[in-house]
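Residue-level structure breakdown
Single-letter residue listing:
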Amino acid sequence: MSATETRDAASSYFTVGAEIHDSKAPAGPIERKWQKRQFEAKLVNPSNRRKLTVIMVGTGLAGGAAAATLGEAGYNVLNFCYQDSPRRAHSIAAQGGINAAKNYRNDNDSVQRLFYDTVKGGDYRARETNVYRLAEVSANIIDQCVAQGVPFAREYGGLLDTRSFGGVQVQRTFYARGQTGQQLLIGAYQALERQVNAGTVQMHTRHEMVELIVVDGRARGIVTRDMVTGAVEPWFGDAVVLATGGYGNVFFLSTNAMGCNVTANWRAHRKGAYFGNPCYTQIHPTCIPVHGDTQSKLTLMSESLRNDGRIWVPKRAEDCVKDPRDIPEQDRDYYLERIYPAFGNLVPRDIASRQAKYMCDEGRGVGPAVAEVDRDGNQRQVRRGVYLDFSDAIGRLGRDAVASRYGNLFDMYAQITGENPSETPMRIYPAVHYTMGGLWVDYDLMSSIPGLYVGGEANFSDHGANRLGASALMQGLSDGYFVLPNTINDYLAAGPFPPVDASTPETVAAVDQAKGRIERLLAIKGSRSVDSFHKELGSIMWEYCGMERNERGLMTAIEKIRDLRQQFWSDVKVTGQSQDLNQALERAGRVADFMELAELMCVDALHRRESCGGHFRSESQTEDGEALRHDDEYAYVAAWEYTGEGAKPILHKEPLVYEFIELKQRSYK
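None of the values given here were measured: they were computed from a predicted structure.

Looking at the sheet that holds strand β22 (residues 636-641)
Where strands meet in a sheet, backbone hydrogen bonds hold them as pairs that are either parallel or antiparallel. In space, the five strands of this open sheet follow the order β1-β23-β22-β12-β20, with mixed pairing throughout. Each edge of the open sheet is held by one strand with a lone partner, namely β1 (15-16) and β20 (438-439). Across two bridges, β1 lies against strand β23 (residues 650-655) in parallel orientation. Residue T15 lies in a different strand from β23, and its bridge partner there is I650.

Here's the deal with the pairing of strand β8 (residues 207-215)
Within β8, eight of the nine residues are buried, which leaves the element mostly enclosed by the surrounding structure. Relative to strand β9 (residues 218-226), β8 runs antiparallel, the two sharing eight bridges. If you follow E211 over to β9, its bridge partner there is V223. From the end of β8 to the start of β9, which pair antiparallel, there are two residues, and D216 there has a positive phi angle of about 55°.

What to know about the packing of helix α4 (residues 61-73) against helix α13 (residues 472-492)
Packing of α4 against α13 brings their axes to within 8 Å, and their N-to-C directions diverge by 30°. The two elements α4 and α13 meet at a crossing, and its hand is right-handed. Side by side, α4 and α13 meet where L61, A62, A65, A66, T69 and L70 of the first sit next to L473, G476, L477, G480, Y481, L484, P485 and I488 of the second. Its residues placed into classes, the contact of α4 with α13 shows 11 nonpolar, three polar and no charged.

Description of the domain arrangement of the protein chain
Domain boundaries assigned for the protein chain yield domain 1 (15-280 + 436-492), domain 2 (284-433) and domain 3 (513-633). For domain 1 versus domain 2, the distance between C-alpha centres works out to 32 Å. If you look at the interface, domain 1 gives 25 residues, while domain 2 gives 30 residues. The contact between domain 1 and domain 2 buries some 2400 Å² in all, and 52% of this surface belongs to carbon and sulfur atoms. Interface area lost by domain 1 to domain 2 is led by Q95, L253 and T255, which between them contribute 26%. Across the contact surface, domain 1 and domain 2 share zero salt bridges. Viewed at the interface, domain 2 and domain 1 are joined by 17 residue pairs in polar contact (both at pLDDT 80 or more). Residue composition of the side of domain 1 that touches domain 2, by class: eight nonpolar, 14 polar and three charged.

Procedures and definitions
Residues numbered from 1 in each chain as written. Predicted model: local features only at pLDDT ≥ 70, side-chain atom pairs only at ≥ 80, totals over all residues. Heavy atoms only, no water. Pairing = 2+ DSSP bridges. Helix = DSSP H or I, 4+ residues; strand = E, 2+ residues; numbered from the N terminus. Buried < 20%, exposed > 50% of the residue type's maximum accessible area, 1.4 Å probe, protein only. Axes fitted to C-alpha atoms, helices over the stretch in contact; angles between N-to-C directions. Left-handed = near helix turned anticlockwise from the far one by under 90°. Contact = heavy atoms within 4.5 Å. Nonpolar A, V, L, I, M, F, W, Y, C, P; charged D, E, K, R; others polar. Domains from an automatic or database assignment. Buried area = accessible area lost by both parts, 1.4 Å probe. Salt bridge = Lys/Arg side-chain N within 4 Å of Asp/Glu carboxyl O. Polar contact = N/O pair within 3.5 Å; in protein donor to acceptor, adjacent residues only side chain to side chain.

This is the structure:
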């Protein structure tokens with residue numbers, strides 16, 4: 001198929017709309033933009049803040065930090081989460097660390113270097129202005145968290161310790177053993193609960209957002225379902241903030257908590273919020289391999305392990321069945337060190353993941369052989385695993401020193417696999433972990449719907465086509481503590497807005513939509529479980545829109561997803577009733593949204609006929625198998641507009657103009 005025919009085939013799934021040119025970033029030198037925006041933004045005086053209400057959906061690092069900060073500033077905050085406690089947000093699962101450009105190691109780190117590493121790591125598909133701001137405020141995050149009592153690791157002399165993460169050549173990652181996310185979330189949680197006690201934040205746990213209320217073109221509230229009683233009710237405010245995390249669970253198997261979903265974002269998307277770069281998903285290279293057909297969750301092994309662990313496979317396929325301790329050094333292929341000598345085992349996640357897949361595809365994977373069916377329907381036996389070996393580090397540093405760095409991660413691995421990684425190399429394999437795509441936002445973090453703000457992983461803004469390790473926590477706390485509280489006031493200064501209540505026509509319509517959807521799901525009374533549909537959807541996405549994509553596969557996936565969605569709405573079985581605790585109903589609503597998102601992800605991947613970061617099109621690669629971008633055609637953000645059920649989405653392009661970093665082919669060799 002020619003390039004023209006390929007373009008025509010892709011464009012049959014969408015239409016093209018107007019370009020986006022105003023991201024609200026001020027003009028001038030990049031190092032002055034954030035200060036200038038803060039100064040130019042309108043302010044709300046303290047007495048007027050008490051008259052304004054902000055709805056915050058999510059209590060993770062972005063949501064919890066933003067709710068606490070806005071509450072302390074004097075706004076009325078209504079905070080919602082579907083968990084039974086804010087402390088159960090998925091941010092708590094992050095292990096390895098948080099980046100900050102403080103240069104404690106005196107290794108030539110700087111704001112400029114963090115900015116450059118992040119743009120390069122994202123394969124030059126992130127907005128420069130947002131990334132520079134992220135790097136600029138990163139140092140403040142560490143000071144904020146230390147003041148809250150976060151127990152970061154420290155050196156012998158008492159200074160904060162740092163280590164390396166993938167995609168960089170400096171040590172800028174601050175950590176709390178393998179529990180960094182947990183400790184940071186506890187810090188944000190303490191700040192949040194202080195405001196709950198002060199009365200500025202009202203906490204509503206076990207409430208799931210099921211609809212967005214838009215009045216006169218502004219986001220004015222949400223509709224929630226009480227997950228205990230089943231009550232569906234509206235809530236109102238002067239602005240709405242979504243900080244609801246990523247959508248990796250569209251693949252069914254991922255490292256995300258099983259409750260993670262796209263519903264809040266998707267409900268907003270259906271009401272007019274553009275969805276940015278949905279195909280950009282990150283596959284993490286350091287995960288415990290899948291161990292059976294009944295598995296519903298994957299476990300991450302922190303990227304920090306790649307500081308001291310060496311990744312290898314046997315040089316000969318016949319050695320793959322041997323005990324790794326019996327394979328001599330000369331028969332081991334430390335393939336990342338061989339292919340990428342400058343970065344070695346600390347290459348970015350997308351590169352490490354693809355190379356692990358290639359080693360296994362060559363027949364040099366390790367672990368149990370599993371039956372696979374390829375895209376052509378052929379069955380084969382493949383071993384999906386590579387070794388992560390700590391024997392060199394233990395020999396160099398001693399067992400106790402290695403245990404002090406990674407002890408809880410070693411314990412986790414041993415409990416799950418029954419193997420001691422101090423004695424036998426870990427077996428790891430890539431798994432879905434993070435989503436760089438999300439709702440489109442401008443420099444102020446406001447979506448295409450006025451009054452609707454989006455923070456953390458729920459927005460698209462900072463990571464381009466691939467996220468560097470330890471940058472998720474950085475973005476969540478940057479958005480929550482420092483960015484959003486300094487930009488939302490520019491919008492709220494025009495408030496309070498005209499009153500909205502349960503009788504407002506837009507509110508009535510939103511509540512009716514939410515209730516109607518619930519009734520429709522319960523009325524199907526089909527023969528298949530929700531999880532069976534979710535698992536089948538995940539298999540389609542992993543096979544055709546996973547680590548490697550191509551035109552033929554993506555078009556196949558779109559048709560399969562459409563067929564599966566039709567089956568879902570005619571044959572899903574949702575037990576129980578609406579006015580009760582009903583987890584089957586909760587999952588059904590989430591999977592229904594995943595079905596629609598999955599199609600958009602494939603359309604986005606199909607239209608982007610280039611490889612960049614985590615989006616790897618097999619038709620677009622260099623001679624040595626690396627991602628090959630086409631900057632002349634695709635240096636833009638793809639912002640998708642919803643046009644109705646079954647209708648073609650509209651593609652809006654936001655051109656990415658690089659003024660401060662040179663566009664060039666990414667290399668880690």
